[in-house]
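Structural overview for review
Single-letter residue listing:
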Amino acid sequence: MSTSLTEEIRSVEAAAAQKVADARTEAQDLVARTRSEGALRVKEAKQAQFRDYRKRISEVEAEAEKASAATVEQGRSSALEFVRAHGEAVKKTAQWLAEEVVSRYGRC
């Protein structure tokens, strides 16, 4: 009976040790899968944020392009208005300058 009991205890201990080893292996696999899934989720989140960032940059650039086009057009109209307002003075000044040159240096 003692031999049988001793063998039974040893077999139960071996089975328990095997169960502990299997549980450790399963726990390590679970930890590895969890870390892998976590890293994948972090990577996907970073990619999504970068896509969102690029989209926002594109929108801001488009708005800036519209604003700059409006500013350029406003500058052009302002320049044309300035030219129209001062065109007569420029003609008078150019004529005076031509007369001065001709009177000082002659018509040669």
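As a reminder, the structure under discussion sits directly above these lines.
So, a few notes on the structure that sits alongside this text. Just so it is clear, the model here is predicted, and its values are computed rather than measured. (Residues numbered from 1 in each chain as written. Predicted model: local features only at pLDDT ≥ 70, side-chain atom pairs only at ≥ 80, totals over all residues. Heavy atoms only, no water.)

**Details of the overall build of the chain**
A count of helices and strands for the chain gives one helix and zero strands. Radius of gyration (C-alpha) of the chain: 45 Å, far over the 13 Å computed for a compact globule of 108 residues. A principal-axis box enclosing the C-alpha atoms of the chain has dimensions of 145 × 30 × 10 Å. When burial is assessed residue by residue, the chain has 0% of its 108 residues classed as buried. About 10,300 Å² of surface is accessible on the chain, with carbon and sulfur atoms providing 57% of the total. Between the centroid of the 19 positive side chains of the chain and the centroid of its 18 negative side chains there is a distance of 6 Å. (Helix = DSSP H or I, 4+ residues; strand = E, 2+ residues; numbered from the N terminus. Rg over C-alpha atoms; globule rule 2.2 N^0.38 Å. Buried < 20%, exposed > 50% of the residue type's maximum accessible area, 1.4 Å probe, protein only. Areas by Shrake-Rupley, 256 points an atom, 1.4 Å probe, with all protein chains shown as cover. Lys, Arg positive; Asp, Glu negative; His and termini not counted. Charge placed at Lys NZ, Arg CZ, Asp CG, Glu CD.)

**Some thoughts on the pattern of salt bridges**
As enumerated under the stated definition, the model contains one salt bridge in all. Taking the shortest distance from any N to any O, the salt bridge between Arg56 and Asp52 comes out at 3.0 Å. With a gap of four residues between them, Arg56 and Asp52 both fall in helix α1 (residues 2-105), about one helical turn apart. Classification of Asp52 as partly exposed rests on a relative accessible area of 26%. (Salt bridge = Lys/Arg side-chain N within 4 Å of Asp/Glu carboxyl O.)

**Remarks on the environment of Ala62**
By the secondary structure assignment, Ala62 is in helix α1. We classify Ala62 as partly exposed; its relative accessible area is 40%.

**Topic: a nonpolar patch on the surface**
A cluster of nonpolar residues, Trp96, Leu97, Val101 and Tyr105, forms a patch on the protein surface that exposes about 470 Å² of accessible area. Positionally, Val101 belongs in helix α1. (Patch = residues over 30% accessible without salt bridge, like charges linked within 9 Å, V, L, I, M, F, W, Y side chains within 5 Å.)

**Considerations on the environment of Leu97**
Looking at the secondary structure, you find Leu97 in helix α1. A C-alpha to C-alpha distance of 60 Å links Leu97 and Tyr53, two positions 44 residues apart in sequence.

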